Every structure is written in C-alpha cells, then in structure tokens.
Amino acid sequence: MTGEETDLRERLIAIAHGSGWFMGALAAVRELGLQDWCIGAGAVRNLVWDHLHAYSTPSSLSDVDVAYFNPADLSQETDRALQEQLSARCPEVPWEVTNQAGVHLWFESHFGHAVSPLRSLEDAVASWPEFATSVGLSLCKGGTLSVLAPYGLADLFSMTVRRNPARVSVATYRQRLVEKRYRDRWPNVQVVPC
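The structure presented is a predicted model; accordingly, all values stated were derived computationally and were not measured. (Residues numbered from 1 in each chain as written. Predicted model: local features only at pLDDT ≥ 70, side-chain atom pairs only at ≥ 80, totals over all residues. Heavy atoms only, no water.)

(A) Region of the structure containing the environment of Gly-143. Topologically, Gly-143 is positioned in the loop between β4 (136–139) and β5 (145–148). Exposure remark for Gly-143: the relative accessible area of 31% places this residue in the partly exposed category. Apart from residues no more than four positions distant in its own chain, Gly-143 is found in contact with His-17 and Arg-30. (Helix = DSSP H or I, 4+ residues; strand = E, 2+ residues; numbered from the N terminus. Buried < 20%, exposed > 50% of the residue type's maximum accessible area, 1.4 Å probe, protein only. Contact = heavy atoms within 4.5 Å.)

What follows is the structure, encoded as structure tokens:
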C-alpha cells in the first residue's frame, strides 16, 4: 500500500469517526455477531462526498448496504431476519442486508445476466458497480475501523464515478447515472462516461 493510499484510509476512518449516524450503524451491525461483514457502497460514498462538499446534514440514502459473507447459509430468510434485527435497533436507518455468498442465486433475475459465485467479502466488494463505491467499513471488537477497498480509495476521494466492469453492464451503469443524479447531488463529482 502506498503512502497516499494509507493517508486516504486514515482520512476515511477520521470521517467515519466524525459521523454519529455512521458509527451508530456500524455498532448496530457489529452487535449481530457476523464473522465477515461491512457497511459499504452508497453509505460510504455519501458519507465521504457529503463531507467533501461540507454538507452539514447527511444526504438521503435509499438504503444502507450491509454486506456479509457466509457460504454455509445462503437463505434469504436469514438476510431478512438480520435486517429485521437491525431495523429494531435503528428503525430510522433504511437497512439492506445481503449475504454476498448467495448473490449468484438471484443476480440474473435482477440484472439480466448470470454471474459466478463470489469467493469472499473482498471479492464481493470488488464487484460493486463503481470503483468509488467498491469500499466497505466494519467496526472491530476493539473499536477500530477496518477498511475494505480492493481498488483503493482514489476514486472515492477524487469524487470520480467510473464503471467497474467486473459485473456491471454498460446499460446498467448508464441507468445508474440517470437514477443516482450524482452531479445534481454533489456538484464536484466527475462522471466518466462509458
């Protein structure tokens, strides 16, 4: 890891520590006792881009993605039960809990093409739609934060939206650009077209 990447990780951790809602969300997920998990994607992107834009109020999130990896239990009922536990603890948070080990079972019906099973949580995070959102944070037992960023944090901190071709088609990326309205929400964002 380069010195610059280390600096960006430290900066991300400081931003997360400075957010009461985000630290509360991490603490709630840690209480579930999952072995391999993170809060990632849009929740981390919004946290950082709101900070970089000096927004005093967090921007709205359609969901807070909780990703975990458990190949021994691929049941969507388990995901729902975990999501219900989180909703009981923090009802104001729009939780979405997904066992990344089972994504291949439903991906085709949602996105129109089949994918291979993921091998780990890091493999899952590395498949998320944009490089800037391929980032996850977890709260360790000692209170330290762990950063999972397979592609690094440069796109996240430069506010660059760039398609991650690992699993996202050009059509899906273009649709996300329209739906997410990145430039409307964060004027300093740079969008890389396909």
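(B) Broad picture of the packing of helix α1 (residues 3–17) against helix α3 (residues 42–52). Close contact between α1 and α3 brings their axes to 10 Å; oriented N to C, the two are set at 90°. Classified by the interaxial angle, the pair formed by α1 and α3 is roughly perpendicular. From α1, Arg-11, Leu-12, Ile-15 and Ala-16 reach across to α3, where they touch Val-44, Leu-47, Val-48, His-51 and Leu-52. Classifying every residue of the contact of α1 with α3 gives seven nonpolar, one polar and one charged. (Axes fitted to C-alpha atoms, helices over the stretch in contact; angles between N-to-C directions. Parallel < 35°, antiparallel > 145°, perpendicular 65-115°, else oblique. Nonpolar A, V, L, I, M, F, W, Y, C, P; charged D, E, K, R; others polar.)

(C) Just the sheet that holds β5, in detail. Strand order across the open sheet formed by five strands is β3-β2-β1-β4-β5, with mixed pairing between neighbours. The open sheet has two free edges, formed respectively by β3 (95–99) and β5, since each of these has just one partner strand. For this sheet the average axis-to-axis angle between neighbouring strands, irrespective of direction, equals 30°. As paired strands, strand β1 (residues 37–40) and β4 are joined by two bridges and run antiparallel to one another. Residue pairing in the sheet places Ile-39 in a bridge with Leu-137 of β4. Seen against the sheet, α1 touches β4 and β5 and runs at an angle of roughly 125° to β5. (Pairing = 2+ DSSP bridges.)

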